[in-house]
Amino acid sequence: MNAPKELKLLDETDRRIIQATQAGLPLTARPYHTIAAQLGVEAAEVMHRMQRMLDLGIIRRIGAVPNHYALGYRANGMTVWDVADDQIDELGARVGRLDFVTHCYQRPRHLPDWPYNLFAMVHGRTREEVEEKARVIAVLLGAASRGDDILYSTRILKKTGLRIGA
Amino acid sequence: MDELDRALINTLQGGFPICEQPYAEVAARVGSDEAAVIAHIDSLLQRGLLSRFGPMYHAEQMGGALSLAAMQIPPDDYERVATVVNRQPEVAHNYERNHRLNMWFVLATETPEGQREAIARIEAEAGHPVYNMPKIREYFVELKLQV
């Protein structure tokens, strides 16, 4: 694979827009104008470039991230599954579509200590609620899942905003 | 939380518009006005009910690397290793979890090489192996928490 060609898709102005917005969008009536004024470019250009980054998937989405914990979802379970390799893509896509799954990834196993290759984050008000939702996933996966577990966070050791150098 | 708070959390999980006055457009969707929408988003952020509001950038698309990594740390060495892991600038989140692999952290680096360097540094300073679990595939999820 070549060096990430996406890098070339971003020029200096894009990177300045990323830096100016990665902590959040201004809460002003014309937020894109506010960014434009900060950077000394036209508002139309900021909007055009952000729309382009959205179309390219460099911006996943623009919106709000709810704080599940503060909203009462105190039991956050990382459900993990050992799914047959030849079925994981089809099943992973279906697990991701369940309305209570907020993240869904295929990750590498580390045998023999870690046999799980499908990770689905499930939020619930209680562990019982998480376990109930995990049973829905178990039914969906059926015999394709040869083992599973639920890991709960018992302590936050560090939590900082994700900042990506741009 | 009032009705507008709930409506904003339910509708703003994606699809915030790119236009001259996006908050006015959102206000039209939820049956409110621009100033109230701005004030309520501000308040939701201040109260910590929203952890972020704005564009979510895709690290890998920007050439960066994200990974989830885990370690198995004996209880009597746990606090020392937590200090080692937490002081690495590449570690964004770190959680204690109830499993034999009892420390789980997210590594965010500008390059894939940076990720390898951070892991090597953590292994050397902590004296325990790191199980690196970068995503192989991400399955699409709808953002749909309803409050």
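Peer 1: Honestly, the overall build of chain A in this entry has me stumped. Any pointers?
Peer 2: The number of helices and strands found in chain A is 6 helices and 5 strands. Along its sequence from the N terminus, chain A presents helices and strands in the succession α-α-α-α-β-β-α-β-β-α-β. Relative to a compact globule of 166 residues, whose C-alpha radius of gyration would be 15 Å, chain A shows 20 Å and is clearly more extended. Projecting the C-alpha coordinates of chain A onto the three principal axes gives extents of approximately 55 × 45 × 30 Å. The buried share of chain A, taken over its 166 residues, is 33%. Taking as baseline every contact in chain A between residues at least 6 positions apart, the subset at least 24 positions apart corresponds to 59%.

Peer 1: I'm lost on the confidence of the model for chain B in this one. Help?
Peer 2: Note that predicted coordinates carrying low pLDDT should not be read in detail. Confidence in the prediction for chain B averages 94 pLDDT; 97% of positions are at 70 or higher. Reported for the predicted complex are a pTM of 0.84 and an ipTM of 0.85.

Peer 1: Sorry, what's going on with the interface of chain A and chain B here?
Peer 2: One frequent convention defines the size of an interface as the accessible area lost when the parts assemble. Listed by partner, the interface residues are 63 residues for chain A and 59 residues for chain B. For the side of chain A that touches chain B, the elements supplying multiple residues, two or more each, are α1 (6-9), α2 (12-21), α3 (31-39), α4 (43-56), β1 (59-66), α5 (88-97), β3 (101-106) and β5 (145-159) of chain A. When its residues are assigned to classes, the side of chain A that touches chain B shows 33 nonpolar, 18 polar and 12 charged. In this structure, β5(A) lies alongside strand β3 (residues 91-97) of chain B, joined through 5 bridges in antiparallel fashion. When the bridges of β3(B) are listed, Lys159(A) appears paired with His93(B).

Peer 1: For this particular structure, what's the right way to read the nonpolar core?
Peer 2: Here is a general trend for soluble globular proteins: nonpolar side chains tend to be buried in one another's company. Ala69(B), Val81(B), Val85(B), Met103(B) and Phe105(B) are the most contacted members of the largest nonpolar core, which totals 50 residues. With 5 residues, strand β4 (residues 103-109) of chain B is the single largest residue contributor to this core. Core analysis: the next-biggest nonpolar cluster, separate from the first, contains 23 residues, Trp81(A), Ile88(A), Ile137(A) and Tyr139(B) among them.

Peer 1: What is the right way to read the pairing of strand β2 (residues 65-71) of chain B from this model?
Peer 2: When a strand is regular, its side chains alternate between the sheet's two faces. Residue and element names in this part refer to chain B. Counted residue by residue, β2 has 5 buried out of 7 residues, so it is predominantly covered. As defined by bridge partners, β2 adjoins β4 across 7 bridges and the pair is classed as antiparallel. The partner of Ala65 across the bridge, within β4, is Thr109. Across 3 bridges, β2 lies against strand β5 (residues 131-133) in antiparallel orientation. Bridge assignment links Ala70 to a residue of β5, and that residue is Tyr131.

Peer 1: What's the story with the domain arrangement of chain A in this structure? I'm lost.
Peer 2: If you check the domain split of chain A, you get domain 1 (11-56) and domain 2 (75-152). Look at where the C-alpha atoms of domain 1 of chain A and domain 2 of chain A centre, and you get two points 37 Å apart.

Peer 1: Help me understand the environment of Ala138(A), please; the structure alone is not making it clear to me.
Peer 2: Residues and elements named next belong to chain A. Relative to the elements of secondary structure, Ala138 occurs in helix α6 (residues 127-141). Residue Ala138 is classed as partly exposed on the basis of its 13 C-beta neighbours within 10 Å. Along the sequence, Ala138 and Val95 sit 43 residues apart, while their C-alpha atoms lie 9.7 Å from each other. What Ala138 contacts, discounting residues up to four positions off in sequence, is Ser145 and Asp148.

The rules behind these values
- Residues numbered from 1 in each chain as written.
- Chains lettered and ligands numbered in written order.
- Predicted model: local features only at pLDDT ≥ 70, side-chain atom pairs only at ≥ 80, totals over all residues.
- Helix = DSSP H or I, 4+ residues; strand = E, 2+ residues; numbered from the N terminus.
- Rg over C-alpha atoms; globule rule 2.2 N^0.38 Å.
- Buried ≥ 20, exposed ≤ 12 C-beta atoms within 10 Å, placed from the backbone.
- Contact = placed C-beta atoms within 7 Å.
- pLDDT = per-residue confidence, 0-100.
- Nonpolar A, V, L, I, M, F, W, Y, C, P; charged D, E, K, R; others polar.
- Pairing = 2+ DSSP bridges.
- Core = buried A, V, L, I, M, F, W, Y, C linked by C-beta atoms within 7 Å.
- Domains from an automatic or database assignment.

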